[in-house]
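Structural overview
Chain by chain, the residues run as shown.
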Amino acid sequence: QPPKAGTMDPLRIILREPLDNFLLRETIQILDNNNKVINGSFTVSGKETQLYFVPAQQWKTGRYRLRVADDLEDLAGNNLARLFDRDLHAAKAFPGTVTLEREFSVGR
């Protein structure tokens, strides 16, 4: 749920299942349209099914991206690169390769 421009309202991310609190904070970034990381803080709530991002400065009107690193795991140890301990990418370049981005817009 995108926030409104000119506010410091949180970006609310609703998860389909509980995910590890620490990994949520470490594997997700918010980027602006110029590919610059937006500084701010994450809060996990709702039994680890909701993630809130509050920016350090007010949101500006524009397009943003939510970037998730592939080492974000579910509670069973599955991640975007592999199931449990089975590597699905034989030639994986390095851990932390970004494999998922979702765009959102902030407006008035």
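Note: the structure precedes this text.
These lines cover the structure that appears in this document, whether it is placed above or below. (Residues numbered from 1 in each chain as written. Predicted model: local features only at pLDDT ≥ 70, side-chain atom pairs only at ≥ 80, totals over all residues. Heavy atoms only, no water.)

**What about the overall build of the protein chain?**
Basically, it comes down to this: Secondary structure is summarised from DSSP: a helix means a run of H or I of at least four residues, a strand means a run of E of at least two, and numbering begins at the N terminus for each. Throughout this description, buried means an accessible area under 20% of the type-specific maximum (1.4 Å probe, protein chains only), exposed means over 50%, and partly exposed covers the range between. Throughout, a residue-residue contact means that at least one pair of heavy atoms, one from each residue, lies within 4.5 Å. To measure how exposed things are, a 1.4 Å probe is used in the Shrake-Rupley method; for residues, cover is taken only from the protein chains shown.
Check the secondary structure of the protein chain and you find one helix and eight strands. The linear arrangement of helices and strands in the protein chain, starting from the amino end, is β-α-β-β-β-β-β-β-β. Taken across its 108 residues, the protein chain has 33% of its residues classed as buried. The long-range share in the protein chain, meaning contacts at least 24 apart out of those at least 6 apart in sequence, stands at 65%. Surface summary for the protein chain: the accessible area is close to 7,100 Å², and the carbon and sulfur share equals 50%.

**With respect to the environment of Pro18**
Inspection of the secondary structure puts Pro18 in the loop between strand S1 (11-14) and helix H1 (21-27). Looking at Pro18, the relative accessible area reads 31%, which means it is partly exposed. When the C-alpha atoms of Pro18 and Leu75 are compared, they prove to be 7.2 Å apart, with 57 residues separating the residues in sequence. Discounting chain neighbours no more than four positions away, the residues touching Pro18 are Lys47, Glu48, Thr49 and Leu75.

**A closer look at the side chain of Asp32**
Applicable threshold: Only four residue types enter the charge count, namely Lys and Arg as positive and Asp and Glu as negative; His and the chain termini do not. Any carboxyl oxygen of Asp or Glu within 4 Å of a side-chain nitrogen of Lys or Arg constitutes a salt bridge here.
Tracing the sequence through the fold places Asp32 in strand S2 (residues 28-32). For the buried Asp32, no salt bridge is present, and the opposite-charge side chain at shortest range is Lys36, 5.6 Å distant. Apart from residues no more than four positions distant in its own chain, Asp32 is found in contact with Ile38, Arg63, Tyr64 and Arg65.

**Concerning the packing of aromatic side chains**
Applied cut-off: We call Phe, Tyr and Trp rings a pair once their centres come within 6.5 Å, taking the six-membered ring for Trp, and we label the pair stacked below 30 degrees between planes, edge-to-face above 60, and tilted otherwise.
For the structure on display, the rule yields five aromatic pairs. Seen in terms of ring centroids, Phe42 and Phe53 are 4.9 Å apart; in terms of plane orientation they differ by 50°. Their pairing is tilted. Remark: Phe53 occurs in strand S4 (residues 50-55) and Phe42 occurs in strand S3 (residues 40-45); sequence separation between them is 11 residues. Neither residue differs from the other here; Phe42 and Phe53 are each classed as buried. Plain terms: the ring middles of Trp59 and Phe104 are 6.2 Å apart, the flat faces sit at 80° to each other, and that makes the pair edge-to-face.

**A short note on the pairing of S2**
Basically, it comes down to this: Should DSSP find at least two bridges between two strands, the strands are regarded as paired.
Taken across its five residues, S2 has four buried, putting it largely inside the fold. Pairing of S2 with strand S5 (residues 62-69) involves five bridges; the strand directions are antiparallel. Bridge pairing links Ile28 to Val68 in S5.

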